[in-house]
Every structure is written in C-alpha cells, then in structure tokens.
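So the chains spell out like this:
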Amino acid sequence: KKYVYFFANGVAEGKAEMKDILGGKGANLAEMTNLGIPVPPGFTISAEVCRYYYTHGHTYPEGLKEEVEAAMKRLEQVTGKGFGDPKRPLLVSVRSGAAISMPGMMDTILNLGLNDETVEGLAKMTNNPRFAYDAYRRFLQMFGDTALGIPRSKFENALEEMKKAKGVKFDVELDANDLKKLVEIFKNIYKEENKEFPQDVYKQLWLAIEAVIKSWMSERAVKYRQIHNIREDQMLGTAVNIVAMVFGNMGENSGTGVAFTRDPNTGEKKIYGEFLPNAQGEDVVAGIRTPLPISELERLMPQTYKELVEIMDKLERHYKDMQDIEFTIEEGKLYLLQTRSGKRTSRAAIKIAVDMVHEGLITKEEAVLRVKPEDVERVLHPRFDEKERAKATVIAKGLPASPGAATGKVIFDSHKAEELGRNGEMVILVRPETSPEDVGGMAFAQGILTSRGGMTSHAAVVARGMGKPAVVGAEMIEVKEEEGFFRVNNVVVKEGDWISIDGATGEVLLGKIPTIRPMGLEGEIAELLKWADEIRRLGVRANADIPRDADVARRFGAEGIGLCRTEHMFFEKDRIPKMRKMIVAKTKEEREKALNELLPLQKEDFKGLFRIMAGYPVTIRLIDPPLHEFLPQDDEQIEATARELGMSAKELKDIVESLKELNPMLGHRGCRLTITYPEIAIMQTKAIIGAAIELKKEENIDVIPEIMIPLVGHVNELVYMKKIIKEVADQMIKEAGVQIEYKIGTMIEVPRACVTADEIAKEAEFFSFGTNDLTQMTFAFSRDDIGKFLPEYLQKGILEHDPFKTLDYEGVGKLVEMATQKGKQARSNLKVGVCGEHGGDPRSIRFFHKAGLDYVSCSPYRVPIARLAAAQAAL
Ligand code: ADP
Ligand code: MG
Ligand code: MG
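Residues numbered from 1 in each chain as written. Chains lettered and ligands numbered in written order. Predicted model: local features only at pLDDT ≥ 70, side-chain atom pairs only at ≥ 80, totals over all residues.

**A word on the site of ligand 1**
Quick reminder of the rule: For each residue, a C-beta position is placed from the backbone atoms; the residue is near a molecule or strand when that point lies within 6 Å of it. Counting from the N terminus, the helices are the DSSP runs of H or I reaching at least four residues and the strands are the DSSP runs of E reaching at least two. Any residue that is not Ala, Val, Leu, Ile, Met, Phe, Trp, Tyr, Cys, Pro, Asp, Glu, Lys or Arg is counted as polar, Gly included; the first ten are nonpolar and the last four charged.
Near ligand 1 you find 16 residues, and of these S93, R95, T108, G281 and E326 are the closest. Contributing elements (two or more residues each) for the shell around ligand 1: β4 (92–98), β5 (108–112), β6 (238–244), α10 (281–286), β10 (323–330) and β11 (333–341). Residue composition of the shell around ligand 1, by class: seven nonpolar, six polar and three charged.

Printed below as a string of structure tokens:
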C-alpha cells in the first residue's frame, strides 16, 4: 500500500482530485508542481495514515517508516542537500492539511532539521549567520510549542525581553549574536520544562509528524468542525506535507506573503494581498509586523511581482475559481507554497460567480451551483452602516433569532406598532413574547425584540418567515409595557425612544443606526437568478397577506402568491371589532350583518393583492385559526371589549370561556369552522370573486384566484365546502357577465389527507402542503411547546434537523411524496405546491423538486433564495 506521494521539479505523484487522501494542501502542491509552477520539492503522507493512527491505538501502518525515509533520501537528491548534514543541511517544513480547508486550525512546524551542528552549516552555506540563527530560534519555538507542548508564551516572553534589552521593536532588528543568545535561552526553557530537544533530525521529523496528526483532534480543530457542521464520523483526517524549506528571511530581497486572485470582500477582479519583506510565513499571520499591501511588492521587486501575477492568473484559470495563495521569495526567486479556493463574503461570492461566466471561465450552471443560498440571503438583509454602529452602545444581548439589522422607535403594543408602521414610521416592537395577535404589528415593525422565548418561539419563527430582524429571549430586559418602558440593569428605555437590534448577533443597541436594505434585485444577483430561472423546474411563489409584501415578492421574482392568510386581515385595528361582533352573534342574521361589514374591507384587500399579482395566481386560504384567538383573554380587556360590543362583561366572558379548547390546534379551526359557520366562507368567497370581477371590469386586470380550504382530513369536508363556495362564485360570475377563472383546492396538512389524497384530488383542483401543521401532526409535536425538548433532541442526535425548519425527509416527506403521487394519479392536471416554512428552505426545496411538486411558496424575502435552491435541485 502506498502512503507517500512525492513531488519535485515539475513532476508529482498526486493531483488536485486526490484531496481525500492528500488533503487540500498536498493535492494542490502536487497539482501546481505538475503545472510547472515553482513549488519547493517535497512529499505528502496520506490522510489514511492519520485515520489508521486513530483507529489503531496511535500507531502507524507497516511500511510507513521505510517509505518516509526513502522519500527523504529522494528529497536529499533533488535538493543536493543532506538531512542532518552539517555541511549542506536540508531543512523541511512539516505541515498539516485536511481535505476540507480549516485555515489555521492545525499545526505546522518550519525549519525542521536544525540542530547545534546543522545551524553552523547553514550559517556557512548561506554565508548568513543571522539568518541561520533566526531560523534555529524559530524552529526551537515552533517545535517546543507544537511537538512538546511547551507554552508558546515562554518563548514569546523571552523574545520580548531580548528586544527590550536591545531597545528594538522588531525581530528583524536583532543581530546574529542576539539570536544566538536567544537560542541558548530557548534551550534553557526546554530544560526548565523538563523537555528534551532532540538533536537527531529523524527524531525531530517523527515527533513533528505525530504532532501534526494529533492536531487533527486538537480542541480548536474539533470545535471548528462542529461549528461548520463537518461531521466527526466522516473521519477524514489530515495529511502531512513535508516540504523543503525556502527562506523568506534571508534579507531585504526575500520575503513572504499571501494573496487572493480577486478581492474577497467585494469580488472585484484585482489582486488583493499582503507582503512582508525579510520574514517567514508565520510572521504574516501572527501580525508581528504590519505587512505591506501587495502593491508594495510591485514597487520593491517589479520582476517578481510580474511573475506572481502571471502565476496567479494561471492558477485561477486552471482551478476556475478565486484562489488564495501563499508565496515566499528567497533572494528574488519566487515559490508558491499553497493555493486553495479563497473564502469570500456573500457579496463577493455572487459577483465572482457571475463575472466568471462573462469571462468564459465557468458555465451558468456552475455559477448557479457555486453560490450558496445563504449568500443570497445575506446580501438581502438590511445592514447597519458600520461606521455608525461602531459609535453605538450595546445594552443587551439575546438570541440571534432572525438575521438582519433594524432600527426604530420602541413600541410595546402591536396595534400601535401596526398603525405607526403603516404610516411609514420606523418602530421596533418590544414584547415579553409574541402571539398570533401580534402578527400585524410584527409585519409593520422594522424588527422584533422579546425578553422571553427561544429560537423556535412564535416571535422567532414568524420573524424569520417575514425576513424581519429579531432578537428574542433577551432575558436581562425587563419589559414594563403598562408603564411604557423597559429596563436593562439601570438603563431605562421609554416608549418612543430609538433602539437598534442586530438579528445576526443578538445585540440590542441604544439609538438610531441607519440601515441599508435592498428593495429589489439588481446587478450580479439579478443576473444570477435569471440563470437560475432558466434552469429550475419548480415554480416559486410567495406567502403574502398585504399588498406591500406582495410587491416585494414580485420585485424578488415571485410567480404568484402561494398563501394569503386571510385572518391577518381580521386582526387589523379597524376590523377586529367587526370580527368580534361576528363571533359573539347569537343568530345567523346577526352574524351575517357583521360579516357584511367586513366584506367591503376584505374585498379591497384582495383587490390590492390581485392588482399587484396581475396575471399570476393568488392562493387565498379561508379563515383558519380558532375563534378564541380573536377575543381578548384578560378581564380588563374583556370589560373594554364588552362595552364596545354593547354587551355585559359577564356575557362576553361566558363566550370566551365557551370557546376555550384543550387542544386548540386540533380543535375548532380550519374547515371545521366554516362547516359550522358557512356564512364566513360565503363572505370570503364574495370578497374574493367580487374583487376579481371588479378588477376585470374596471381595470381589465386578469386575476387567477385559487380558493383554498384549510385543514381538510376527509374528502367530505371538501365536498361540503366546495359546493357552497362554487354556488356563490358561479352565481356572481354569471351575473357579472365576465370571464373569471378560479380554482377550489385544499391545503394538505392533516396526515389523513395525505393517505386519502386520491379521494381528495377528485374534488380538489390543487393541493398545497401546509408542512408546518403536517409536521406538527405527523410527529405529534406541538409547535408551540417544542422549545422544551427539541433543543435536546438535536443536541442528543435524536433528530438531525429541526423538522419545522427542514422537512423530515423520511416521515413527513414520505407523506408529501405519497400524496403528490396519489393526487396526480387521480387528477392529472392537479397543481401541487407547498406553503409551509419549508417552502423557503433549500434542503427541503431539493426534496420537493424530487417529489414532483409544481411550486414552492415562501416569504417574500426568501423568494430569491428559493429560486436559486430550486435551480440547484434541478442540476
Ligand atoms: P497554515 O495552514 O496554518 O497556513 P502552512 O502549512 O500553510 O500552515 O504553513 C504556515 C506558514 O509557513 C505559511 O505561511 C507557509 O507559507 C509557510 N511555509 C510552509 N512550508 C514552508 C516551506 N517549506 N518554506 C517556506 N515557508 C513555508
Ligand atoms: Mg497555509
Ligand atoms: Mg395550517
């Protein structure tokens, strides 16, 4: 079995595709060698050795020792130097490098092969004792720290003292004698620590190899993999690269640097990087001296700079991606020591992908695959003006529930927030926690701050759905809404005061910080998403209840509305009294009278939506929540409301009491409500069809209303409702004498509906999966109570994902798949979509694509993300 892969002088045994066993660094060193790019010679020990080491009680596979020694002999030959040779010593670096890039997380040792004899040889050979002792003290420091666990600070302190004693600021100002002394001091540190510095170079080598392998499991490497969701059980392991040293610390025409082929912040096509004269690689990262901008290299060594630019260009064209490189210049000669795909901001990722298509480097498909949905999400969030933010005071920190930056006046009451928001004022809704009644206020606030609740609390879920910045569970905040202020420690913030919240960090800041939010797509992102549209099969619609959201949705490319929740229209300030009148009505006539007052208002709502969605389908869900949500719950409010309604408080209280349910989510809601009170569905149908007729007649706007009946579990529920709706609608259309195409369909959100989807499809013209309720009912997880156990489920690995965020493929997904198949078999032109939170989740979208759905619907701000994810699913 082969464990060692050699590279030297334009020929390498490895190549870029071998990242799994050579790691990214090793594979790319081999690739660069094969490309004829100057790379110092060396070899890579396969990551399989690391895997073996951890599965075989910290031992190496048989034959490794011989292979490494043979490779060292070969390295001696190609360099003309000897490992441990006192006359012409060969020095090497021993470098980590895993398949996935984990910048700076693992260890590397430079200048290995130095000892008391070879350092003298190096001094003579280079005629540069200062350099030789600089290399030696660096080696003693890195080796002691990395291989033997001597605290790094011991060496650093000794170095600082030496500089102080000499009255100098920088390492480079120490001369050969100083460094020689420093070497002695460093050796004493080894003694103090009871550690032996091995003079035997092979001993050094094997200790270094083991140190690198051990760094794979170092605390920070493990943590990094956790944070980046790189699973430990994939056990990739690190390769070990042994590379002949080249020296950037040999004087003023030597140096070292790092560079990107494009600007990693903006994506702009220009070389971006830093350079340090007379230094070794780690100095740049360690920030010992401030590096110079790469443009300085052009001034100092124009020829070398030109060569560097050419190599970088070649690398980028070869890898077809922005590269992040390390280079070292040894007495004017340039060497590349590393290349990899450069990390970049979301903004840069999008620009680079699009630019590269224009440059003919990659295809549109590749560009679409290269940008991550999160990149799209990030560039669309409002951002603080960073300069202004830096001046503001952070007063509290909560959970970063929904990313984005928001600034506004503190308002505690949702109706008030809604009213002010409607009038264009910027408000932050501050509540202990939120409930469905607060949705209107949330919709018109810039952001939401709560003192209670977790990442899946109502506030968090709704805010994410709306694409609204939110900080939740900021426990140190004491909300005194009745008294009109909140308090954090001794800071009091009154209603009307300005605050700012950062939903990405959870920070709450005092004062008004200007934000910037894109209100549409332009430039590179618009272009990228147009390509995505050409590729995707899934349609993308938006969940929108009000014209403003519909407008945003259109700007972001939504092809219709997949879910308009009509109850939000009833929660508004001028409507809730009418709604309540309807609920407390004792007779059908009274109820109809109240409904008739709501009708014109709701019709206007639909007209607003339809106008914006002209020519596109709009799915309207009939009333869904249990009626108690529309009534006040505490005594004081009940009294006030009773006065408004002209009834006694006792009477109203009895009604509130009678509407209480033990399991409201499984109770009197959805179609069960309209089956008991068909008048409500009739009013809503009149509003929908009336709006469509008027728009057609008055403005010649074509509307495609899709009336959706929620919570159907048995086909007979649908049969009953459909008959009522159809009668009203057809009658109106006939009387109006216009042509209106409308559909009647159902939400599929009850497991029984999935199982009997073929029956239901005989009656329904479309399905829309309500995956939130479907998940709730399939798992029997109460959405509102999952905070008590879901975090633990995730942490203990019982569930891999939060099923309310990412569709549960194996359970809920199976139901979706089955219902889609059964439905389409029963009715071949059945339209099938999804309108739950999952409609905007890339991983779920992949599933919906495969399951053969026709479209997904998500919140307006997720539409661009869904467009990209749908295209990626199709590739
Ligand atoms: P990291 O992954 O932390 O960047 P590296 O293995 O790339 O670790 O090495 C750390 C620094 O040492 C880099 O700046 C690199 O360029 C430099 N370096 C590594 N090997 C050599 C070598 N053979 N000659 C000169 N410099 C080297
Ligand atoms: Mg590196
Ligand atoms: Mg539902």
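**Focus on the sheet that holds strand β25 (residues 539–543)**
For clarity, the cut-off: Note on pairing: DSSP must find at least two bridges between two strands before they are called paired. Lines fitted to the C-alpha atoms define the axes, with helices restricted to the stretch that makes contact. Angles between their N-to-C directions range from 0 to 180 degrees.
Taken together, eight strands build a closed barrel; the order of strands is β25-β26-β27-β28-β29-β30-β31-β32 and the barrel is parallel. Strand-to-strand, the axes of this sheet are offset by a mean angle of 25°, without reference to chain direction. The sheet contact formed by strand β28 (residues 704–709) and strand β29 (residues 743–748) spans four bridges and is parallel. Bridge pairing links I709 to T746 in β29.

**What to know about the UniProt feature "binding site: substrate" (unreviewed entry) in the chain**
For clarity, the threshold we go by: UniProt positions are given in the numbering used here, feature names are shortened, and annotations may be inferred rather than shown by experiment. Remark: residues whose backbone-derived C-beta atoms lie within 7 Å of one another are considered to be in contact.
Those places that UniProt annotates as "binding site: substrate" (unreviewed entry) correspond, in this numbering, to R565, R621, E749, G770, T771, N772 and D773. Of note, T771 is situated in helix α32 (residues 771–779). Sequence-distant contacts of T771, defined by excluding residues within four places in its chain, comprise L807, V812, V834, G836 and H838.

**Focus on the UniProt feature "active site" (unreviewed entry) in the chain**
Going by this rule: To assign burial, the other C-beta atoms lying within 10 Å of each residue's own C-beta are counted, with C-beta atoms placed from the backbone; 20 or more indicates buried, 12 or fewer indicates exposed, and intermediate counts indicate partly exposed.
Per the UniProt annotation, the sites labelled "active site" (unreviewed entry) are H458 and C835. Here H458 shows up in helix α19 (residues 458–466). Dropping the residues within four chain positions of it, H458 is found in contact with E433, T434, S435 and D784. Along the chain, the position of C835 falls in the loop between β31 (831–834) and α35 (842–850). Residue C835 is classed as buried on the basis of its C-beta count, with 28 C-beta atoms lying within 10 Å. Beyond its immediate stretch of four places on either side in the chain, C835 contacts N543, G562, L563, S768, G770 and S857.

**A look at the domain arrangement of the chain**
This is how it is decided: Bear in mind that the domain bounds are from an automatic or database domain assignment.
Along its sequence, the chain is organised into domain 1 (4–246), domain 2 (247–344), domain 3 (382–516) and domain 4 (536–626 + 661–874). Taken over C-alpha atoms, the centre of domain 3 sits 29 Å from the centre of domain 4. If you look at the interface, domain 3 gives 16 residues, while domain 4 gives 17 residues. Every element with two or more residues in the side of domain 3 that touches domain 4 is listed here: α17 (414–422), α18 (439–444) and α19. With four residues, α19 is the single largest residue contributor to the side of domain 3 that touches domain 4. When its residues are assigned to classes, the side of domain 3 that touches domain 4 shows five nonpolar, eight polar and three charged.

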